[in-house]
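Residue-level listing of the chains:
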Amino acid sequence: AFKNSEVKKVTLSEGLNAIRADAFNNSSLEEINLPKSLVYIEDGAFANTKIKKINIPVNLKTIPARAFANSELEEISYALNCKLETIYEEAFKNTKLRELVLPNSVKTLNRLSFAENRYLKHITFSNQMLNIPPSCFSGAKELEEVTIPDKIFGIGKQAFEGCFNLKKINIS
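Here we summarise the structure given alongside this text. (Residues numbered from 1 in each chain as written. Predicted model: local features only at pLDDT ≥ 70, side-chain atom pairs only at ≥ 80, totals over all residues. Heavy atoms only, no water.)

## Re the layout of surface pockets
(1) Moving on: Considering only enclosed or pocket space, the largest pocket measures out at about 170 Å³ in volume.
(2) Moving on: If you list the elements that add at least two residues to the lining of the largest pocket, you get strand 3 (31-33) and strand 5 (53-56).
(3) Moving on: Looking at the lining of the largest pocket residue by residue, the class counts come to three nonpolar, two polar and four charged. (1 Å grid on protein atoms, 1.4 Å probe; cavity = no way out; pocket = protein on both sides within 12 Å on 5 of 7 lines; lining within 4 Å. Points joined across faces, edges and corners; volume = space filled by probe spheres on them. Helix = DSSP H or I, 4+ residues; strand = E, 2+ residues; numbered from the N terminus. Nonpolar A, V, L, I, M, F, W, Y, C, P; charged D, E, K, R; others polar.)

In structure tokens, the structure reads:
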């Protein structure tokens, strides 16, 4: 729809329930308000954009592959009672996130979901998560601290590979 465009700001109307694949990919998009009615985003929808902040609406259950990959995203917030459950491969790969707090609705991350986030310093996992997949946070060179729920039963191979500054792991 707006792939490779110069659009900078978008306000989406309530009632919109889906954003299609690559809809804003490689555009100049800096700001977008996602409506509460949004339930589905397809792969790469906001990849390679200039978006700095995103608020995940209440009814969105999945973040697809490469949704925000290679964007300038610095902050993720979540609607109250957010239903987000799954974050797919490379969804937030190579962004400018500094802190990641996953809401307790999140049950599943996938391989490379947050890989190459070289500005990421702190991660707090959802207490619903049971597994941290392989290479999920690989290349997060500035990562210093991780808070993991005590019910985690598996941490995948190379989940934190290249996280040279990781000094503190809290298990709660």
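## What to know about the pattern of salt bridges
When charged atoms on two side chains of opposite charge get close, those side chains can pair.
(1) Moving on: On inspection of all chains with the given rule, the structure shows seven salt bridges.
(2) Moving on: K9 is the salt-bridge partner of E31, the closest N and O atoms lying 4.0 Å from each other. One end of the pair, E31, is in strand 3; the other, K9, is in strand 1 (residues 9-11), and 22 residues separate them in sequence.
(3) Moving on: The partly exposed category is assigned to E31, whose relative accessible area is 37%.
(4) Moving on: In this structure K9 comes out as exposed when scored by relative accessible area, which is 55%.
(5) Moving on: Taking the shortest distance from any N to any O, the salt bridge between E144 and K121 comes out at 3.5 Å. Of this pair, E144 sits in the loop between strand 12 (131-132) and strand 13 (145-148) while K121 is found in the loop between strand 10 (108-109) and strand 11 (122-124), placing the two residues 23 residues apart along the sequence.
(6) Moving on: Overall, the relative accessible area of 30% leaves E144 in the partly exposed class.
(7) Moving on: The partly exposed category is assigned to K121, whose relative accessible area is 32%. (Salt bridge = Lys/Arg side-chain N within 4 Å of Asp/Glu carboxyl O. Buried < 20%, exposed > 50% of the residue type's maximum accessible area, 1.4 Å probe, protein only.)

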